[in-house]
Structures are given as C-alpha cells and as structure tokens.
Amino acid sequence: MQAIELLHNRVSSARLESPAPNAEQLEVMYQAAARAPDHALLRPWRLIVLENEQLVALGEVFVQANLAKNSELNALQLQKIAAKPLRAPMIITVVAHITEHPKVPELEQLITAGCAAHAIELAAFAQGLGAMWRSGGMMFDNKVKQGLGLAENEQIIGFLYLGKSVKVRQVTPVDSADFVSTAKILNT
Ligand SMILES: Cc1cc2nc3c(=O)[nH]c(=O)nc-3n(C[C@H](O)[C@H](O)[C@H](O)COP(=O)(O)O)c2cc1C
C-alpha cells in the first residue's frame, strides 16, 4: 500500500476476530511505533502485548476494578465487563512512561506515546490487519495499572485491539476547509 493511500484510508475496526497478528506483522508494527516523533529521543512509552489467557486475566482485573467501585454489580454486568478484552484476539496496551526532562514536558511525552499508538494502527492497516484504539475508565484505574505492572510514572494511553477485521469501512473524504485556516496573527 502506498503511504498516502494508507494515510487517507486507515479506518478502525470495532469487530475483530482471530487470528492475532503474527510475530512478523508485530515486528513491523513495533518498528513503526519506534519512528514516532520523539523530542530528545526519550522513547517515553512501552507496549504490553496480551493474548489468550492474558486477555481473560485482564477481564478478571476489569471485574475486580469495577467491583471495588460498585459491589452491587450483578452477574450479567460482571460477565459483560469480563468479556470486554475478548473483543479481539490481541490487545497491545500502550503505556506512557514519563520522566522528568528540562526540555520535554509531560504533555510532549504523552503526545509521543500517542503517535506511537497511531503508528501501530497505521502499520496494522497497511498489513491488512484490523485495529481499534479503545480507552475508557479502566485505563485510569489503579487496580488495572497494578495488574499490568505499571510503575508510578506510567499511565495507559490506550488499549489497541488487534486482529482480523470483520468489515473494513470505506472512508468519505472530508472538506479540509473545516479545519484549515491561514494565519490571523493578533498583535496585542
Ligand atoms: C485516545 C483514544 C481513545 C479512544 N477510545 C475509544 C473507546 O474507548 N471506544 C471507542 O469506541 N472508540 C475509541 N476511540 C476512537 C476509535 O479508536 C476510532 O478512532 C473512532 O471510532 C473513529 O474511527 P476511525 O479510526 O475509523 O476514524 C479512541 C480514540 C483515541 C485516539
């Protein structure tokens, strides 16, 4: 796939099925992530790859995290929560790893982590794979962070669900005038 065609046509896939990306496809995605723009080359992110029983374990952690907030959830609600990570055969958790730096504030490091996540989505799509970036309350939950082994200076910036797309959506071109302007500098 040509680069511009990829950039103009990448879409997410909410419905994903097996197989999970193989080792070769994953390596292509990791190398793409590593090309995220990165002030001072801090590489302020890391990836945690989950599949099979680890997805089930993540669902269990989601259940415990939800129960800690609301002990009255019923069996059906808990079942739905436990099944969330099973919506794809693989999840890559993208973790921002923030360090103090005199020239690179936290925001820039988070942006780099986001760019790495997007590069993974692009590299997945370019290889004919499906991906969906998901977040939600679980991303910020301490039990989930502990379950995934995050350090104090780390935060989850997304769960990338990966697999084979059930259906690939066609993109409708947008009107770039909606979000592009020429400069109107105000001299105050
Ligand atoms: C940081 C971030 C978090 C997201 N979280 C969710 C989510 O929890 N659930 C969801 O349906 N979409 C979420 N999305 C949006 C989807 O990944 C996707 O981009 C959106 O559905 C638009 O589809 P498209 O990528 O095909 O344009 C998130 C996107 C970003 C960048």
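Shown above is the structure to which this text applies.
A quick note: this is a predicted structure, and the numbers were derived from the prediction, not measured.

Caption draft 1: Spotlight on the overall build of the protein chain. Secondary structure summary: the protein chain contains six helices and five strands in total. Taken from the N to the C terminus, the helices and strands of the protein chain come in the order α-β-α-β-α-α-β-α-β-α-β. Expressed along its principal axes, the backbone C-alpha trace of the protein chain runs to roughly 60 × 40 × 35 Å. A burial count over the protein chain gives 27% of its 188 residues as buried. Taking contacts inside the protein chain between residues at least 6 apart in sequence as the whole, the part at least 24 apart equals 85%.

Caption draft 2: Here's a closer look at the site of the ligand. Around the ligand, a shell composed of Val11, Ser12, Met132, Trp133, Arg134, Ser135, Gly136 and Gly158 is seen. Ranked by residue count, the leading element in the shell around the ligand is strand E4 (residues 130-134), at three residues. Split by residue class, the shell around the ligand holds three nonpolar, four polar and one charged.

Caption draft 3: The arrangement of unusual backbone geometry in detail. In this chain, Ser18 is followed by Pro19 through a cis amide linkage whose omega measures 10 degrees. In this structure, Pro19 sits in the loop between strand E1 (16-17) and helix H2 (23-33). Of note in the backbone geometry, Ala40 takes a positive phi value of approximately 70 degrees without being a glycine. Looking at the secondary structure, you find Ala40 in the loop between H2 and strand E2 (45-51). Positive phi, normally seen in glycine, also occurs at Asn52, with a value near 50 degrees.

Caption draft 4: Just the pairing of strand E3 (residues 90-97), in detail. The element E3 is largely enclosed, with a buried count of seven among its eight residues. Across seven bridges, the pairing between E2 and E3 is antiparallel. For Val49, the partnering residue across the bridge sits in E3 and is Ile92. Here eight bridges tie E3 to strand E5 (residues 154-165), and the two strands are oriented antiparallel to one another. Note that in E5 the partner of Ala96 across the bridge is Gln155.

Caption draft 5: Just the nonpolar core, in detail. Val94, Ile120, Leu160, Tyr161 and Leu162 are the most contacted members of the largest nonpolar core, which totals 36 residues. Every element with two or more residues in this core is listed here: H2, helix H3 (53-69), E3, helix H5 (106-126), E4 and E5. No other element matches H5, which puts seven residues into this core. In contact with Leu160, other than residues within four places in its own chain, are Ile91, Ile92, Val94, Ala117, Ile120, Glu121, Ala131 and Trp133.

Caption draft 6: Structural view of H5. Over its 21 residues, H5 runs 30 Å from end to end, which matches the ideal 30 Å to within 8%, given 1.5 Å per residue. What H5 keeps buried is the set Gln109, Thr112, Ala113, Ala116, Ala117, Ile120, Glu121, Ala123, Ala124 and Phe125. The elements touched by buried residues of H5 are helix H1 (3-9), H2, E2, E3, E4 and E5. In the stretch just after H5, Gly128 is the one whose phi turns positive, near 80 degrees.

Caption draft 7: Geometry of the packing of H3 against helix H4 (residues 75-83). Relative orientation of the contacting elements H3 and H4 amounts to 135 degrees, with a least axis distance of 7 Å. As judged from the angle between their axes, H3 and H4 are oblique. Once H3 is placed against H4, the crossing between them reads as right-handed. Here Gly59, Glu60, Phe62, Val63 and Asn66 of H3 lie close against H4, whose contacting residues are Leu78, Ile81, Ala82 and Ala83.

Caption draft 8: Local environment of the packing of H2 against H5. At their nearest, the axes of H2 and H5 sit 8 Å apart, and the two run at 140 degrees to each other. Between H2 and H5 the crossing geometry is right-handed. For the pair H2 and H5, the contacting residues are Val28, Met29, Ala32 and Ala33 in the first and Ala116, Ala119, Ile120, Leu122, Ala123 and Ala124 in the second.

Cut-offs and rules
- Residues numbered from 1 in each chain as written.
- Predicted model: local features only at pLDDT ≥ 70, side-chain atom pairs only at ≥ 80, totals over all residues.
- Helix = DSSP H or I, 4+ residues; strand = E, 2+ residues; numbered from the N terminus.
- Buried ≥ 20, exposed ≤ 12 C-beta atoms within 10 Å, placed from the backbone.
- Contact = placed C-beta atoms within 7 Å.
- Near = placed C-beta within 6 Å.
- Nonpolar A, V, L, I, M, F, W, Y, C, P; charged D, E, K, R; others polar.
- Pairing = 2+ DSSP bridges.
- Core = buried A, V, L, I, M, F, W, Y, C linked by C-beta atoms within 7 Å.
- Expected span 1.5 Å × (residues − 1).
- Axes fitted to C-alpha atoms, helices over the stretch in contact; angles between N-to-C directions.
- Parallel < 35°, antiparallel > 145°, perpendicular 65-115°, else oblique.
- Left-handed = near helix turned anticlockwise from the far one by under 90°.

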